[in-house]
Amino acid sequence: MIGILDSGIGGVTVLNHIRKLLKHQHFIYYSDSKNNPYGEKPEQEIYDMVKNIVEYLIQKGCQTIVIACNTASAICSSRLRKEYPTIRIIAIEPALKVVKDRQYKGLTLVLATSATLKSQKFLNTYQKYKTEQTVLVPCKGLANDIEENNQEKINEFLQNLKKEYPETKNIVLGCTHYPLIQNRILEYFKEVNFFDGGIGVSRLLQKEIQDKNQKEVIEFIDSSESIEKQNRFYNYINNENKEIKKS
Ligand code: DGL
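The structure displayed is predicted, hence computed values, not measured ones. (Residues numbered from 1 in each chain as written. Predicted model: local features only at pLDDT ≥ 70, side-chain atom pairs only at ≥ 80, totals over all residues. Heavy atoms only, no water.)

## Comments concerning the environment of Leu204
Working step 1: Considering the arrangement of structural elements, one finds Leu204 in helix H10 (residues 197-208).
Working step 2: Overall, Leu204 belongs to the partly exposed group, its relative accessible area being 43%. (Helix = DSSP H or I, 4+ residues; strand = E, 2+ residues; numbered from the N terminus. Buried < 20%, exposed > 50% of the residue type's maximum accessible area, 1.4 Å probe, protein only.)

Shown next, in the form of structure tokens:
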């Protein structure tokens, strides 16, 4: 069983990448929407919340846990690995390395929460892979606006971003909620390249997982027990030919 966690439904973007590479797995997805957003909370508070979810997923039988939240990953992954040495912990990070390695030119915006951008883990990545034209953009409130499906606020954010950085060529989606508005971003930035850390994580996971079940099972657990969130989650999953178990 593979546990997947996020502060809300954003991690579904990671799960969908994983499902393209790994067939017939049993996934338990934990959405912590009761505590969402994580991105402006103090580090210790984020750690305590994430640790609780990890404990829960271990109790459910997950030996592999994917942290499908850049904020949680930036703040908690090394500590969690030390605390749970027998659990395989796979953690997402903003895909800045790909921009540098593949030599994409022009202005690169790294969109992420303040907590991610302030974290030591991200600062190390940034020092290694920044180019002369890398700009860090703390997107206050954006993950929450996506979680709440607040189209007005999302528009306002994108309008301001376009006004401030009209020449943008590359966008690093440094929060797993942001791929959910990729089409909206394209309305403002017509020819931009996207970089989504979910792709790297799914490849890492694929290398680790050998076993298969008879069929795919996806369980969804939400800390606020929101039916609306559950429905949105399953809508984001293309479930043709797959058995989906709702818990
Ligand atoms: N999906 C989370 C991330 O990748 C959202 C953060 C939040 O809850 O603020 O960072």
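## Observations regarding the environment of Glu147
Working step 1: Along the chain, Glu147 turns up in helix H7 (residues 142-147).
Working step 2: Of the residues examined, Glu147 reaches a relative accessible area of 1% and is grouped as buried.
Working step 3: With 85 residues separating them along the chain, Glu147 and Arg232 place their C-alpha atoms 9.9 Å apart.
Working step 4: What Glu147 contacts, discounting residues up to four positions off in sequence, is Gly8, Ile9, Gly10, Ser33, Asn36, His177, Lys229 and Arg232.
Working step 5: At a separation of 2.6 Å, a polar atom in the side chain of Glu147 contacts the side chain of His177. (Contact = heavy atoms within 4.5 Å. Polar contact = N/O pair within 3.5 Å; in protein donor to acceptor, adjacent residues only side chain to side chain.)

## Quick look at the sheet that holds strand E6 (residues 134-138)
Working step 1: Read across the sheet, four strands follow the order E6-E5-E7-E8 without closing on themselves; strand pairing throughout is parallel. The open sheet is flanked by E6 and strand E8 (193-196), the only strands paired with a single partner. Strand-to-strand twist in this sheet, taken as the mean axis angle between neighbours without regard to direction, amounts to 20 degrees.
Working step 2: With five bridges joining them, strand E5 (residues 107-112) and E6 adopt parallel strand pairing. Of the residues in E6, the one forming a bridge with Ala112 is Pro138. (Pairing = 2+ DSSP bridges. Axes fitted to C-alpha atoms, helices over the stretch in contact; angles between N-to-C directions.)

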